[in-house]
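Below, each chain spelled out in residue letters.
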Amino acid sequence: MQRIRLRYTKRGRLRFTSHRDFQRAFERALRRAEVPMAYSAGFTPHPKVSYANAAPTGTGSEAEYLEIALTAPRDPQILRGLLDESMPDGLDIIDAVEARTSGLAERLHASVWELRLNGVTQEQAAKAVETFLAAETVEVQRRTKNGMRSFDAREAVVEMAAVPLEESIARPQGEAADRPTAEPCAILRLVVRHMTPAVRPDDVLSGLHAVADLAPPVPAAVTRLAQGLLDEESGTVTDPLAPDREAVTAGSTTAPAPATAKAPEGSGSA
C-alpha cells in the first residue's frame, strides 16, 4: 500500500467551505482522477483519507494537509496534477510527496496566521500587539457545546507583529500590493502554538479587544499561511513534508520507480 501526503489550499470564497464540503469535493476528485484508493473494511467501506488539523470554516489557508492510501503506486506529482484539475478553483492541491515517515499530524506543532483588519490603522494594531505581548495572561471566553469556557489566549502566541499592508501575503484576489485604499487596513502576522484547548485567531482577536480595546469595525479576514514543526529558538514554522522528501531523496537510488497515472477521459473541474 502506498501512502501519499498532499497539501491543499482554501482561497477566496472557498474559505467558507466547511470541512465536510471539502471532503465531498475531494472524494469526487478521487473518482474523476481514477485514483486506486484503498478502502476501509466493514459494511460501509470508505476511502482511506486522513485529514490533519483542518482550518475552521470561514478562514482561508495555504497549508492544509491530508494523507491518502493507494492500492497501486502512483507518481505523487502526476497524481497531484490530476487531483487539482478535478477540484473547484480555490480548493487547490499544491504539493504532494510519498509518505516515507510516520506521524504527520504529530508534526503540526504551530500555525502561522495572517489577520487582515479593515478599518484599523497600523499604529493602532502595533500598540494593541505590544500590550497583548506584555501581558502575562489574557483570559478570553468561547462558547462551546458545554457552555462558555474561559482560557488563556496569551500562552499559545509565540510571536505577533503588525506588518505593512504591502507585505501582506494573503491579499484578496486581484488586489495590487501598492494600490491605495480608501480606508486604513492593518495586517497582523502571528505564530500560534497548537495547544489544548486550541487557541484560534478569533480568540487572539478577543484577547486584543480585552487588553487593548482593539475592535475592528468589520470581521477580520483570516488566512493560515503555514503549519508544521515549531523551531522554539527562532519561532519559525517549518515544512511538515520535509522529512518525507528527505527520505524519498535518500532512497531514490534503490527504490523502484513508481507507476505513472494516466489522465482519465473527460476529467475537469467541479
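Note that the structure is predicted; figures quoted are calculated from it, not measured.

A.B. asks: Any chance you could explain the nonpolar core here in plain terms?
C.D. replies: Nonpolar side chains tend to gather and get buried jointly when the protein is soluble and globular. Grouped together as the largest cluster of nonpolar side chains are 27 residues, with contacts concentrated most on Leu 115, Leu 117, Met 160, Leu 188, Leu 190, Val 204 and Leu 208. Listed by contribution, the elements that provide at least two residues to this core are β5 (110-118), α3 (122-134), β8 (157-163), β9 (185-193) and α4 (201-212). Discounting chain neighbours no more than four positions away, the residues touching Met 160 are Val 129, Phe 132, Leu 133, Leu 188, Arg 189, Leu 190, Val 204 and Leu 208. Leu 6, Leu 30, Leu 70 and Leu 79 belong to the second-largest nonpolar core, a separate cluster that totals 22 residues.

A.B. asks: I'm lost on the packing of aromatic side chains in this one. Help?
C.D. replies: The geometry of an aromatic ring pair is captured by two quantities: the separation of the ring centres and the angle between the planes. Counting across every chain of the model gives three aromatic pairs. An angle of 80° between the planes, with centres 6.2 Å apart, marks the rings of Phe 22 and Tyr 51 as edge-to-face. Here the residue Phe 22 occupies a position in helix α1 (residues 19-32), and Tyr 51 occupies one in strand β2 (residues 49-52), the gap between them amounting to 29 residues. By the ring-pair criterion, three or more aromatic residues cluster together here, those being Tyr 8, Phe 22, Phe 26 and Tyr 51.

A.B. asks: Would you mind going over the environment of Met 160 with me for this structure?
C.D. replies: Note that Met 160 resides in strand β8. For Met 160, a relative accessible area of 7% translates into the label buried. When the C-alpha atoms of Met 160 and Arg 189 are compared, they prove to be 5.6 Å apart, with 29 residues separating the residues in sequence.

A.B. asks: Explanation requested: the pairing of strand β6 (residues 139-144) in the structure shown.
C.D. replies: Looking along a regular strand, one sees the side chains alternate between the two faces of the sheet. Pairing between β6 and strand β7 (residues 147-152): six bridges, direction antiparallel. Bridge pairing in β7 links Arg 143 to Met 148. Remark: two residues form the turn of the hairpin made by β6 and β7, two consecutive strands paired antiparallel.

A.B. asks: I tried to follow the packing of α3 against α4 on my own but got confused; where do I start?
C.D. replies: Between two packed helices, what matters for the description is the angle formed by their axes and the separation of those axes. Orientation of α3 relative to α4, taken along the N-to-C sense of each, is 90°, at an axis distance of 9 Å. It follows from the interaxial angle that α3 and α4 lie roughly perpendicular. Between α3 and α4, the contacting residues are Ala 128, Val 129, Thr 131 and Phe 132 on the first element and Val 204, Gly 207, Leu 208, Val 211 and Ala 212 on the second. Tallied by class, residues from the contact of α3 with α4 come to seven nonpolar, two polar and no charged.

A.B. asks: Would you mind showing me how to read the side chain of Gln 227 here?
C.D. replies: In this fold, Gln 227 is placed in strand β10 (residues 221-231). Residue Gln 227 is classed as buried on the basis of its relative accessible area of 1%. In this structure the side chain of Gln 227 is engaged in a polar contact, spanning 2.9 Å, whose partner is the side chain of Asn 53. Looking at Gln 227, its side chain comes within polar contact range of the main-chain oxygen of Ala 63, at 2.9 Å. With residues up to four places along the chain from it excluded, the contact list for Gln 227 reads Ala 52, Asn 53, Ala 63, Glu 64, Tyr 65, Leu 108, Ala 110, Ser 111, His 194, Val 237, Thr 238 and Pro 240.

A.B. asks: Please explain the pattern of salt bridges as it appears in this structure.
C.D. replies: Two side chains with opposite charge may pair up if their charged atoms get near one another. What the rule picks out here adds up to 15 salt bridges. One salt bridge connects Arg 107 with Asp 244, and the closest N-O pair in it is separated by 3.2 Å. Of this pair, Arg 107 sits in the loop between β4 (93-98) and β5 while Asp 244 sits in helix α5 (residues 242-250), placing them 137 residues apart in sequence. Classification of Arg 107 as buried rests on a relative accessible area of 8%.

A.B. asks: I keep staring at unusual backbone geometry and nothing clicks. Help me out?
C.D. replies: Where the residue is not glycine, phi is negative for most of them; where a peptide bond is considered, it is trans in most cases. Here the amide bond leading from Thr 196 into Pro 197 is cis, since omega sits at 0°, within 30 degrees of zero. Mapped onto the elements of the fold, Pro 197 is located in the loop between β9 and α4. Positive phi is not limited to glycine here, since Glu 34 has a value of about 55°. One non-glycine residue, Asp 213, adopts positive backbone phi at about 55°. If you trace the backbone, Asp 213 turns up in the loop between α4 and β10. Classification of Asp 213 by relative accessible area gives exposed; the value is 60%.

A.B. asks: How should the side chain of Glu 114 be read in this particular structure?
C.D. replies: Looking at where Glu 114 falls in the secondary structure, it is placed in strand β5. The buried category is assigned to Glu 114, whose relative accessible area is 2%. A distance of 2.6 Å separates the side chain of Glu 114 from the side chain of Ser 168, its partner in a polar contact. A polar atom in the side chain of Glu 114 sits 3.1 Å from the side chain of Arg 189.

The rules behind each value
- Residues numbered from 1 in each chain as written.
- Predicted model: local features only at pLDDT ≥ 70, side-chain atom pairs only at ≥ 80, totals over all residues.
- Heavy atoms only, no water.
- Core = buried A, V, L, I, M, F, W, Y, C linked by side-chain atoms within 4.5 Å.
- Buried < 20%, exposed > 50% of the residue type's maximum accessible area, 1.4 Å probe, protein only.
- Helix = DSSP H or I, 4+ residues; strand = E, 2+ residues; numbered from the N terminus.
- Contact = heavy atoms within 4.5 Å.
- Phe/Tyr/Trp six-rings, centres within 6.5 Å; stacked < 30°, edge-to-face > 60°.
- Pairing = 2+ DSSP bridges.
- Axes fitted to C-alpha atoms, helices over the stretch in contact; angles between N-to-C directions.
- Parallel < 35°, antiparallel > 145°, perpendicular 65-115°, else oblique.
- Nonpolar A, V, L, I, M, F, W, Y, C, P; charged D, E, K, R; others polar.
- Polar contact = N/O pair within 3.5 Å; in protein donor to acceptor, adjacent residues only side chain to side chain.
- Salt bridge = Lys/Arg side-chain N within 4 Å of Asp/Glu carboxyl O.

As far as function goes, none of this settles anything; it's purely spatial.
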